[in-house]
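# Working through the structure, step by step
So you can see what is in the structure, the chains are spelled out below.
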Amino acid sequence: MTRIRLHDTMAREKRDFVPADPARVTMYVCGPTVYGRAHIGNARPAVVFDVLARLLRHVYGEDSLVYARNVTDVDDKIIEAARAEGVEPAAITERYERHYLEDMGALGVQPPTIAPHATGHIGEMIAMIARLIETGNAYEADGHVLFNVPSDPDYGALGRRDREAMIAGARVEIAAYKKDPADFVLWKPSDAEMIGWDSPWGRGRPGWHIECSAMIETHLGETIDIHGGGLDLIFPHHENELAQSRCAHQGAPLARYWVHNGFLSMAGSEKMSKSLGNVVTPAELLAAGHKGEVLRFALLSAHYRQPLEWSEALIAQSKSTLDRLYRSAGDAAPGEPDPSVVDALADDLNTPLALSRLSAIEDARVLRASGALLGLLGDSLSAWFQGEGDARIDALVAARADAKQRRDFAAADGIRAELAGEGIVLEDGPGGTVWRRT
Ligand SMILES: [Zn+2]
């Protein structure tokens, strides 16, 4: 069996991946807060963990993976957006979750096994908060419930921040009711007009971090194999998830491997983020005529832990490489993936190496299957070059020549017939094939 190695943020090194139960590999990735359109930087973790999911299924079996990606559908940014539009929060979250799924679908991201929603797990969150109060790790103050950071001697193991950074990261709102400035909110009060739920501590709503701990416990168990997300989630979000879960579960670790992807930036700019205003969305890029698969290829062109600089040149280069790969793949049916591509992905998801190895594959069937492992080369040749006029016809003619060379005459005749149906005649001569419109 292929040995997968993953860089574990907790261990600060690459480790052999050994799932607790190879028949049920568990992975949780923090998903979107649905109050606006995702930008291409938000798409990076979705694409990266989609490739990891494909690799895990390839190695452990199609039904071996339980992959959960949550939807944060209660949050102060959602409440603000709903107020600004004068609609219920659900109108905002339903709209932007739908857009998120459309955008990620266009990038070839398969839906996760489970997509739990925060608002569907309020009871589980309340139960976990009550347990944390019982164990002495949380306390009620002024309608809030807070996690008491000094009560957990292992707090900080994941992010390894110093205390000042932890306090800054706790995003102090009103510090008066906190026992310690680093304490973070598990539950907060909602006023009468605000979305809220009844709880032992009054009507309110959860803090952000508790939802993931409660949903992981509900759907995947106390300790999962892989917890993933962007680098920016290590602190405070994942540190807080880890503390909550560990304290609620008698010290059981939340995850056995912590996997984090790097940032995406605009060429010559900082990290792409809504607050900096330097964002470009998949929706805009698709509307500009770029194919989703080209954007996916571009997102996988750098190693997931490295920063990725987004540019028009990167998109153009990705398009031309994919055009070439599609010409090589022709209309062959997928066979088995090339071991060199599997090995590149198994080595901490080395997608740049895997992509370069695609170019060296000569067998069209192997190329198709190897591309599929990366979520690429899934279109027919004709569909890929659709709307590109002569470039598409040239590609089909080249694919027919390849098919003839490997004595796949059925495929070659299929291409000739397809073009004939469009009024295009092929003439084979000693210098190759020329085509003309009738
Ligand atoms: Zn989370």
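This text follows the structure it describes.
Read on for an overview of the structure. Because the structure is a prediction, the values reported are computed rather than measured. (Residues numbered from 1 in each chain as written. Predicted model: local features only at pLDDT ≥ 70, side-chain atom pairs only at ≥ 80, totals over all residues. Heavy atoms only, no water.)

What follows is about the overall build of the protein. A count of helices and strands for the protein gives 16 helices and 14 strands. C-alpha atoms of the protein, sized along the principal axes, occupy 85 × 50 × 40 Å. The 438 residues of the protein split such that 53% are buried. Side-chain charges in the protein split into 46 positive and 63 negative, and the spacing between the mean points of these groups amounts to 4 Å. (Helix = DSSP H or I, 4+ residues; strand = E, 2+ residues; numbered from the N terminus. Buried < 20%, exposed > 50% of the residue type's maximum accessible area, 1.4 Å probe, protein only. Lys, Arg positive; Asp, Glu negative; His and termini not counted. Charge placed at Lys NZ, Arg CZ, Asp CG, Glu CD.)

On the secondary structure map, R205 appears in strand 8 (residues 204-206). Among the residues examined, R205 registers a relative accessible area of 7% and is labelled buried. For R205, the side chain forms a polar contact with the side chain of D76, separated by 2.8 Å. For R205, the side chain forms a polar contact with the main-chain oxygen of P189, separated by 2.9 Å. Apart from the residues within four sequence positions on either side, R205 is in contact with V74, D76, I79, W187, K188, P189, S190, M194, I195 and W197. (Polar contact = N/O pair within 3.5 Å; in protein donor to acceptor, adjacent residues only side chain to side chain. Contact = heavy atoms within 4.5 Å.)

A separate point is the coordination of the zinc ion. In the first shell of the zinc ion, the protein supplies C30 (SG), C212 (SG), H237 (NE2) and E241 (OE), at 2.0 to 2.2 Å from the metal. What the 4 donor atoms of the zinc ion show is an angle range of 78 to 128 degrees at the metal, which sorts the shape as irregular. (Donors = N, O, S within 2.8 Å, 3.2 Å for Na, K, Ca; no water. Tetrahedral: all angles 85-135°; square planar, octahedral: opposite > 155°, others 65-115°.)

The next point concerns the sheet that holds strand 6 (residues 144-147). Strand order across the open sheet formed by 4 strands is 5-6-7-8, with antiparallel pairing between neighbours. Looking at which strands have only one partner, the edges of the open sheet turn out to be strand 5 (138-141) and strand 8. With direction set aside, neighbouring strand axes in the sheet form an average angle of 20 degrees. (Pairing = 2+ DSSP bridges. Axes fitted to C-alpha atoms, helices over the stretch in contact; angles between N-to-C directions.)

Tallied over the full model, the rule gives 22 salt bridges. Of the charged contacts, one joins E427 and R436 as a salt bridge, the two residues approaching to 2.7 Å between their closest N and O atoms. Relative accessible area serves as the criterion here: at 34%, E427 is assigned to the partly exposed category. The exposure class assigned to R436 is partly exposed, which follows from its relative accessible area of 43%. One network of salt bridges, in which partners are shared, links R400, K404, R416 and D428. (Salt bridge = Lys/Arg side-chain N within 4 Å of Asp/Glu carboxyl O.)

It is the contact of helix 10 (residues 312-329) with helix 13 (residues 364-373), at a shortest axis distance of 8 Å, that shows an interaxial angle of 135 degrees. By the angle between their directions, the pair helix 10 and helix 13 is classed as oblique. Every residue of helix 13 that contacts helix 10 at L325, Y326, S328 and A329 is listed here: A364, L367 and R368. (Parallel < 35°, antiparallel > 145°, perpendicular 65-115°, else oblique.)

Under the criterion given, the structure shown has 2 cavities of 30 Å³ or more. The computed volume of the largest cavity comes to approximately 50 Å³. It is helix 3 (residues 89-106) that contributes the most residues to the lining of the largest cavity, 3 residues altogether. Residues belonging to the lining of the largest cavity are distributed by class as follows: 6 nonpolar, no polar and 2 charged. (1 Å grid on protein atoms, 1.4 Å probe; cavity = no way out; pocket = protein on both sides within 12 Å on 5 of 7 lines; lining within 4 Å. Points joined across faces, edges and corners; volume = space filled by probe spheres on them. Nonpolar A, V, L, I, M, F, W, Y, C, P; charged D, E, K, R; others polar.)

In this section: the pairing of strand 14 (residues 432-437). A regular strand carries its side chains on alternate faces of the sheet. Examined bridge by bridge, strand 13 (residues 424-429) and strand 14 share 6 bridges and lie antiparallel to one another. In the sheet register, E427 faces strand 14, and the bridge partner there is V434. Counted between consecutive antiparallel strands, the loop separating strand 13 from strand 14 contains 2 residues.

Right, let's get into the packing of aromatic side chains. Going through the model one piece at a time under the given rule, you end up with 6 aromatic pairs. Judged by centre distance (5.0 Å) and plane angle (15 degrees), the ring pair of F147 and F184 falls under stacked. In this pair, F147 is assigned in strand 6 and F184 in strand 7 (residues 184-189), connecting sequence segments 37 residues apart. Each member of the pair, F147 as well as F184, carries the same accessibility label: buried. Between Y326 and W384, the ring centres sit 4.3 Å apart and the planes meet at 15 degrees, which makes this aromatic pair stacked. (Phe/Tyr/Trp six-rings, centres within 6.5 Å; stacked < 30°, edge-to-face > 60°.)

Moving on: the packing of helix 2 (residues 76-85) against helix 3. Taken N-terminus to C-terminus, the directions of helix 2 and helix 3 make an angle of 110 degrees; their axes are 8 Å apart at the nearest point. On the basis of their axis angle, the class for helix 2 and helix 3 is roughly perpendicular. Contacts between helix 2 and helix 3 involve I78, A81, A82 and E85 on the former and, on the latter, P89, I92, T93 and R95. The residue makeup of the contact of helix 2 with helix 3, split by class, is 5 nonpolar, 1 polar and 2 charged.

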